[in-house]
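As a plain string of letters, each chain reads:
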Amino acid sequence: MISTDTTDKPMQHLSTTQLVDIVFPGDTNHHGTLFGGTGLALMDRVAFIAATRFGRAPFVTASCERIDFKQPARIGHIVEFTARPVKAGRRSLTVEVEMVAETIVGRQRHTCTRGVFHMVAVPEGENAAHYALPKLLPEDAPGESDMLAMVEIVFPDQANSVGRMFGGEAIAYMTKAAFVTASRYSGKLVVLASSERIDFARPIEIGEIVEAEARVASVGRSSMSVETKLWSENLLTGERHITATGHFTMVAVDEDHRPVPVRESEQIEVFPLDQGGA
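Since we're looking at a predicted model, the values are computed, not measured.

**Considering the overall build of the protein**
1) Next: Across its full length, the protein holds 2 helices and 14 strands.
2) Next: A separation of at least 24 residues holds for 74% of the contacts in the protein among residues at least 6 apart in sequence.
3) Next: Put simply, the protein shows about 14,300 Å² of open surface, and 52% of that area lies on carbon and sulfur atoms.

Here it is, written out as structure tokens:
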């Protein structure tokens, strides 16, 4: 249900949303750099997710201000899109988006572009005329975290005949999160060596947000065990559920795909797992 109380609207803290992807050859032009249109589409997508999380209503893109690409993202780069609401009206929301490219080896980062997207809420239902966005509060400075959180939306081509996300698509997204986490931890190329049992607790519907959380749980000489959780989130209510959990073993390799030490020191590290509830 969309809230209709406009006399005492709740205040929302400014929050950031991250969409993380990897540049593959099919996403690039003849120069080997990410298509500008693909980058703009991903910026718009993360702006939509951030706006929907803020307003809990359907949104459309009204406009975006001029966007200049300062530097390209190349094949093999990790690309990170960070969106945060910065101004809220009655139904309009301004969202700032930053696109950063990152090399896997060495973790060299550079800002590709920044953009401003103006989103408009289009609530539906009999109470839509009374809908208004909550007030925007400044966000506290983010703390350090070893947890990667990356979001996406489930589209129809990722779902089966009854409108639920394919298990293989969910596993692929969890594996991508494990890859990015292990790459960032080691600063090296990594490959998937194995995955432990993956349990699915509930289905994911078309149009829901999926958020993968991943962290390095333990480190061997050349291997890393990455703990991954997949959350599903209803766009309009914000209700969240853990949908799947799994552990992936990633191995650091050199350019010839031979295992190499994760760190110069070969000491094995084990990290305490997060015992927090769903």
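From this point, the discussion proceeds with the structure in view.
**Some remarks on unusual backbone geometry**
1) Next: Its identity as a non-glycine residue notwithstanding, Arg 107 has a phi of 55 degrees, on the positive side.
2) Next: Positionally, Arg 107 belongs in the loop between strand 5 (92-102) and strand 6 (109-121).
3) Next: Look at Arg 107 and you get partly exposed, because its relative accessible area is 37%.
4) Next: Of note, the phi angle at His 257 is positive, near 65 degrees, even though the residue is not glycine.
5) Next: Here His 257 is to be found in the loop between strand 13 (240-253) and strand 14 (269-270).
6) Next: A residue is classified by how much of its surface remains accessible, and His 257, at 57% relative accessible area, is exposed.

**Points about the nonpolar core**
1) Next: Counting 34 residues, the largest nonpolar core has Met 224, Leu 230 and Met 250 as the members making the most contacts within it.
2) Next: Counting only elements with at least two residues in this core, the list comes to strand 2 (17-22), strand 8 (148-153), helix 2 (167-186), strand 11 (209-219), strand 12 (223-233) and strand 13.
3) Next: It is helix 2 that provides the largest number of residues to this core, a total of 9 residues.
4) Next: If we ignore the near neighbours within four places in the chain, the residues touching Met 250 are Ala 178, Phe 179, Ala 182, Val 190, Val 191, Leu 192, Ser 222, Ser 223, Met 224 and Val 226.
5) Next: Formed by 28 residues, the second largest nonpolar core is a distinct cluster that contains Val 23, Ala 83, Val 97 and Leu 133.

**Looking at the confidence of the model for the protein**
1) Next: In the predicted model, the protein carries a mean pLDDT of 89, and the fraction of residues at 70 or more is 88%.
2) Next: Counted against residues more than four places away or in other chains, residues 1-8, with its pLDDT under 50, gives 11 contacts.

**Let's talk about the sheet that holds strand 3 (residues 59-64)**
1) Next: Taken together, 5 strands build an open sheet; the order of strands is 2-4-5-6-3 and the sheet is antiparallel. Because the sheet does not close on itself, it has two edges, and the strands there are strand 2 and strand 3. The mean angle between the axes of side-by-side strands here comes to 30 degrees, regardless of whether they run parallel or antiparallel.
2) Next: The pairing of strand 4 (residues 78-88) with strand 5 spans 10 bridges and is antiparallel. Bridge pairing links Ala 88 to Leu 93 in strand 5.

**Comments concerning helix 1 (residues 36-55)**
1) Next: Compared with the 28 Å implied by 1.5 Å per residue over 20 residues, the 28 Å span of helix 1 between its first and last C-alpha is a close match.
2) Next: Of the residues making up helix 1, those classed as buried are Gly 39, Leu 42, Met 43, Val 46, Ala 47, Ile 49, Ala 50, Ala 51, Thr 52, Arg 53, Phe 54 and Gly 55.
3) Next: Just past helix 1, the residue Arg 56 takes up positive phi, approximately 50 degrees.

**Digging into the packing of aromatic side chains**
1) Next: Applying the stated criterion to the full structure yields 0 aromatic pairs.
2) Next: A cation sits over an aromatic face here: Arg 263 above Tyr 185, 4.2 Å from the ring centre.

**Quick word on the environment of Phe 200**
1) Next: Here Phe 200 shows up in strand 10 (residues 199-200).
2) Next: Take Phe 200: its relative accessible area is 40%, and that puts it in the partly exposed class.
3) Next: Other than its neighbours up to four places away in sequence, Phe 200 contacts Gly 167, Ala 170, Ile 171, Thr 243 and Ala 244.

**Digging into the environment of Arg 66**
1) Next: Secondary-structure assignment places Arg 66 in the loop between strand 3 and strand 4.
2) Next: When the C-alpha positions of Arg 66 and Val 116 are compared, they lie 7.9 Å apart, and in sequence the two are 50 residues distant.
3) Next: Reaching out from Arg 66, the side chain makes a polar contact with the side chain of Asp 68 at a distance of 3.0 Å.

**Comments concerning helix 2**
1) Next: For helix 2, with 20 residues, the first-to-last C-alpha span of 28 Å sits near the 28 Å given by 1.5 Å per residue.
2) Next: Directly beyond the C-terminal end of helix 2, a positive phi value near 70 degrees is found at Gly 187.

**Comments concerning the pattern of salt bridges**
1) Next: Within this structure, the stated rule accounts for 21 salt bridges.
2) Next: Among the ionic pairs, Arg 109 bridges to Glu 102, the shortest N-O distance being 2.7 Å.
3) Next: Given a relative accessible area of 2%, Glu 102 falls into the buried group.
4) Next: One salt-bridge network, held together by shared partners, links Arg 53, Arg 56, Glu 211, Glu 233 and Arg 240.

What counts and how
Residues numbered from 1 in each chain as written. Predicted model: local features only at pLDDT ≥ 70, side-chain atom pairs only at ≥ 80, totals over all residues. Heavy atoms only, no water. Helix = DSSP H or I, 4+ residues; strand = E, 2+ residues; numbered from the N terminus. Contact = heavy atoms within 4.5 Å. Areas by Shrake-Rupley, 256 points an atom, 1.4 Å probe, with all protein chains shown as cover. Buried < 20%, exposed > 50% of the residue type's maximum accessible area, 1.4 Å probe, protein only. Core = buried A, V, L, I, M, F, W, Y, C linked by side-chain atoms within 4.5 Å. pLDDT = per-residue confidence, 0-100. Pairing = 2+ DSSP bridges. Axes fitted to C-alpha atoms, helices over the stretch in contact; angles between N-to-C directions. Expected span 1.5 Å × (residues − 1). Phe/Tyr/Trp six-rings, centres within 6.5 Å; stacked < 30°, edge-to-face > 60°. Lys NZ or Arg CZ within 6 Å of the ring centre and 35° of its normal. Polar contact = N/O pair within 3.5 Å; in protein donor to acceptor, adjacent residues only side chain to side chain. Salt bridge = Lys/Arg side-chain N within 4 Å of Asp/Glu carboxyl O.

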